[in-house]
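Tertiary structure, described
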Amino acid sequence: MKKRICGILVAIVVLSMLCFAASRPAAGLVKELKLGLNVPLSGPATDWGLTSIHAAEFLRQKIEEQGNLKVGKDLYKLVVVPYDSKYVAADALANARRHTYEDKIKFQWILGGGVVPSCQPITEKEKVIVLACAYGGIKVTNPDKPYTFRTIIGSDLACPVAFPYLVKKYPEIKKIAFIGPNDDCGFVSIKDGKAAAKNVGWETVGEEVTERTLVDYLPVMTRLLKGKPDMIHAACSPTDQVALATKAARELGFEGYVFADATKDPDKVIQIAGVKYAEKVFFVNCITELINPGVADLDARTKRTYGRGIMYGVIEYHASLQAWAQAIERAGTLDTDPIVKALETGTFDTVYGPVTFGGKPLFGIKRQVLHPIPLGIVKGGKFVHLELLPLQAALK
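Residues numbered from 1 in each chain as written. Predicted model: local features only at pLDDT ≥ 70, side-chain atom pairs only at ≥ 80, totals over all residues. Heavy atoms only, no water.

Side note on the overall build of the protein chain
A tally of helices and strands in the protein chain yields 13 helices and 16 strands. A globule of 396 residues ought to have a C-alpha radius of gyration of about 21 Å, and the protein chain, at 23 Å, matches this closely. With the C-alpha coordinates aligned to their principal axes, the bounding extent of the protein chain is approximately 95 × 45 × 40 Å. Out of the 396 residues in the protein chain, the part that is buried amounts to 54%. By sequence separation, contacts in the protein chain at least 24 residues apart represent 69% of the contacts at least 6 residues apart. Roughly 16,600 Å² of accessible area belongs to the protein chain as shown, and the carbon and sulfur atoms make up 57% of that amount. Each charge class in the protein chain can be summarised by its mean position, and for the 50 positive and 41 negative side chains these summaries are 6 Å apart. (Helix = DSSP H or I, 4+ residues; strand = E, 2+ residues; numbered from the N terminus. Rg over C-alpha atoms; globule rule 2.2 N^0.38 Å. Buried < 20%, exposed > 50% of the residue type's maximum accessible area, 1.4 Å probe, protein only. Contact = heavy atoms within 4.5 Å. Areas by Shrake-Rupley, 256 points an atom, 1.4 Å probe, with all protein chains shown as cover. Lys, Arg positive; Asp, Glu negative; His and termini not counted. Charge placed at Lys NZ, Arg CZ, Asp CG, Glu CD.)

Re the packing of helix H3 (residues 89-102) against helix H4 (residues 116-125)
Relative to each other, H3 and H4 sit at 20°, their axes nearing to 8 Å. Our classification of the angle between H3 and H4 gives roughly parallel. Two packed elements cross with a definite hand, and for H3 against H4 that hand is right-handed. Where H3 approaches H4, its residues Ala 89, Ala 92, Leu 93, Ala 96, Arg 97, Thr 100 and Tyr 101 are matched on the opposing element by Ser 118, Cys 119 and Ile 122. (Axes fitted to C-alpha atoms, helices over the stretch in contact; angles between N-to-C directions. Parallel < 35°, antiparallel > 145°, perpendicular 65-115°, else oblique. Left-handed = near helix turned anticlockwise from the far one by under 90°.)

Things to note about the pattern of salt bridges
In the structure shown here, the tally under the stated rule is 18 salt bridges. Across the pair Asp 156 and Arg 150 runs a salt bridge whose closest N-O atoms are separated by 3.1 Å. Take Asp 156: its relative accessible area is 15%, and that puts it in the buried class. Relative accessible area serves as the criterion here: at 1%, Arg 150 is assigned to the buried category. Ionic contacts of the salt-bridge type, sharing partners, join the residues Lys 62, Glu 65, Asp 297 and Arg 301 into one network. (Salt bridge = Lys/Arg side-chain N within 4 Å of Asp/Glu carboxyl O.)

Section: the confidence of the model for the protein chain
For the protein chain, the average pLDDT comes to 91, and 91% of its residues sit at 70 or higher. Between residues 1-25, whose pLDDT stays under 50, and residues either more than four places distant or in other chains, the model counts 7 contacts. (pLDDT = per-residue confidence, 0-100.)

Some words on the pairing of strand S13 (residues 353-358)
Two faces, one strand: in a regular strand the side chains alternate between the faces of the sheet. Judged from the 4 bridges that link them, strand S12 (residues 347-350) and S13 form a sheet pairing that is antiparallel. From the neighbouring strand, Thr 347 faces S13, where its bridge partner is Thr 356. Between S12 and S13, which pair antiparallel in sequence order, lie 2 residues. Both S13 and strand S14 (residues 368-370) contribute to a ladder of 3 bridges, which runs antiparallel. When the sheet's bridge partners are listed, Gly 358 is paired in S14 with Gln 368. (Pairing = 2+ DSSP bridges.)

Examining the packing of aromatic side chains
Applying the stated criterion to the full structure yields 12 aromatic pairs. Centroid distance Trp 48 to Tyr 87: 5.8 Å. Interplanar angle 55°. Geometry classified as tilted. Linking Trp 48 in helix H2 (residues 46-65) with Tyr 87 in the loop between strand S3 (74-84) and H3, this pair joins segments that are 39 residues apart in sequence. Across this residue pair, the class does not change: Trp 48 and Tyr 87 are buried. Here the aromatic rings of Phe 149 and Phe 357 are separated by 5.3 Å at their centres, their planes lie at 80°, and the arrangement is edge-to-face. Of the two residues, Phe 149 is situated in strand S6 (residues 148-150) and Phe 357 in strand S13; the sequence distance between them amounts to 208 residues. Taken together, the ring pairs connect Phe 163, Trp 202 and Phe 259 into an aromatic cluster. Geometry around Tyr 257 places Lys 280 over its ring, the cationic atom sitting 4.6 Å from the centre. (Phe/Tyr/Trp six-rings, centres within 6.5 Å; stacked < 30°, edge-to-face > 60°. Lys NZ or Arg CZ within 6 Å of the ring centre and 35° of its normal.)

Now the structure itself:
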């Protein structure tokens, strides 16, 4: 009798193992899901590119740890293919051609409002889903570009949310000046900032645009400070540019605030500008605290993989990549049209919590990632958290 029972149990175990094996492809049959990164890995916007590399690598690690990505009946491992755009439109276009036509990559993370438009004639034509880590307003995001999803909160959303908060908490701010890069990203960001400043009653007292390769900011800041601003908006500017501009302003006697809407590595700003000069710099879209287990996990992965603390902007980038991977699983295919639908209609579980794509009132199409906006400030030589600001409900 015991032998008979044992035989039945063995048969059940064997049958269960066979069923599991049938439901999951063999390890040797795991396919590759390629994600192209078209980002600056050299030049003044390198920190944005490195942030992208970190965010994608951590998604790759997580997918591997969970036993790969299940798409329909197939399993896929994530393969990240990065190319250096140098934040130059011609280089970004060459990378997009290479990703699309040589590498046959249907999913591309392209960084920069100044370069994404140069790539879109190719990516839209070939139905490539572009995860656009970019500002650029309606030039980048509009109904004529349905395969482009904006993966960050730009100045058009951040300034209208952050400035009213600053009016209440920092009433000494009355006058504002703007500085940004001499490209589409800078033009749009300055325009957005000026509109938001007008809405809260601030006076605009200066505006300057510079080349992204600028190193000596003293002449520019000399002109900008003539209007005696209480705050300088460093529009669409990466880490090095914010740090150098802030340092120059302080050397000229500026004691007010700096508002950085695009910097992803505040610690490096403190390092370059110096502890004293970096004081009173606001940063948006950078979470400064390990506010949930997901963020704590990213910090641990950064230390383990790269030997440093987390680049705060990784959290925002990683959240959009998580949404993309979940949309693929839900679509059950690598055909981009069903994935577009899944992204447009879904709610995704990310390090930010629930994330959706909306923004139709602004762009005429639901292609803007939506999540709360973190705001922090450098105080006492450290980047500290102020508030997690909710987006307007109308944007959804």
